[in-house]
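# Observations on the model geometry
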Amino acid sequence: MTLARASAPQVALARRESPHRAARLMGLAQALVDEMPQTLAHLAAGDISEWRATIVVHETACLSRENRALVDKRLADRLGTLSDGQVHAETRRHAYELDPYAALDRARRAVEDRRVTLRPAPDTMTFPSGLLPVVQGVAVYAALKREADTCRAHGDPPLPRAG
């Protein structure tokens, strides 16, 4: 058993996280220490949040170790001044410039991760959600909206707005 796998349950307890989440955090820490020293330095200095460091690591996961280090260097001067969205976009842009084939392969594999889930909610309600390619997501939304509009046109009262 590796040290990271052995330590994950302890991290989970210390941070009051699930063991799965703790294992992901251990992976984040390993990537920062081994491959992304500039991002780690920004995190240690408090210039960026753990979430922004996670964005950088996640968006470079498809790259080789050498290219991850290059993205880390390219972002170093500006990382502390960028928003979450800008970190996401800049990291993805640099990753694509360094290895467009890896970035495109990642996008192709993302389609394989599509899924639809249903979680229970109070009062005999549910929370449906889906991770879908844009075209399919828009089609699902349009179909649901069309059905809701039809139901309303036939006398169904509109749903109350939250707030």
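Everything below is about the structure shown above.
Residues numbered from 1 in each chain as written. Predicted model: local features only at pLDDT ≥ 70, side-chain atom pairs only at ≥ 80, totals over all residues. Heavy atoms only, no water.

### Here we look at helix α6 (residues 84-98)
Within an α-helix, residues lying three or four positions from one another point in the same direction, as the helix has 3.6 residues per turn. In this model α6 runs 21 Å from its N-terminal to its C-terminal C-alpha over 15 residues, within 8% of the 21 Å that 1.5 Å per residue would give. Where the residues of α6 are buried, they touch α4 (50-59), α5 (65-75) and α7 (100-112). (Helix = DSSP H or I, 4+ residues; strand = E, 2+ residues; numbered from the N terminus. Expected span 1.5 Å × (residues − 1). Contact = heavy atoms within 4.5 Å.)

### Structural notes on unusual backbone geometry
Across the chain, the bulk of peptide bonds are trans and the bulk of non-glycine residues have phi less than zero. Within the chain, Arg16 stands out as a residue other than glycine whose phi angle is a positive 55°. For Arg16, a relative accessible area of 77% corresponds to the exposed category. You will see that Asp123, though not glycine, has its phi angle at about 60°, which is positive. In this structure, Asp123 sits in the loop between β1 (115-121) and β2 (125-131). (Buried < 20%, exposed > 50% of the residue type's maximum accessible area, 1.4 Å probe, protein only.)

### Digging into the packing of helix α2 (residues 19-35) against α5
Across the interface, α2 lies against α5 with an axial gap of 10 Å and an inter-helix angle of 80°. One finds that α2 runs roughly perpendicular with respect to α5. Counted together, Ala31, Asp34 and Glu35 of α2 and Arg65, Arg68, Ala69 and Asp72 of α5 form the full contact between these two elements. Taken together, the residues that form the contact of α2 with α5 break down as two nonpolar, no polar and five charged. (Axes fitted to C-alpha atoms, helices over the stretch in contact; angles between N-to-C directions. Parallel < 35°, antiparallel > 145°, perpendicular 65-115°, else oblique. Nonpolar A, V, L, I, M, F, W, Y, C, P; charged D, E, K, R; others polar.)

### A look at the packing of α2 against α4
Viewed as axis vectors pointing N to C, α2 and α4 meet at an angle of 70°, and their least axial separation amounts to 10 Å. Here α2 is positioned roughly perpendicular relative to α4, judged by the angle of their axes. On the side of α2, the interface is formed by Arg21, Leu25, Leu28, Ala31 and Leu32, while α4 contributes Glu50, Ala53, Thr54 and Val57. The residue makeup of the contact of α2 with α4, split by class, is six nonpolar, one polar and two charged.

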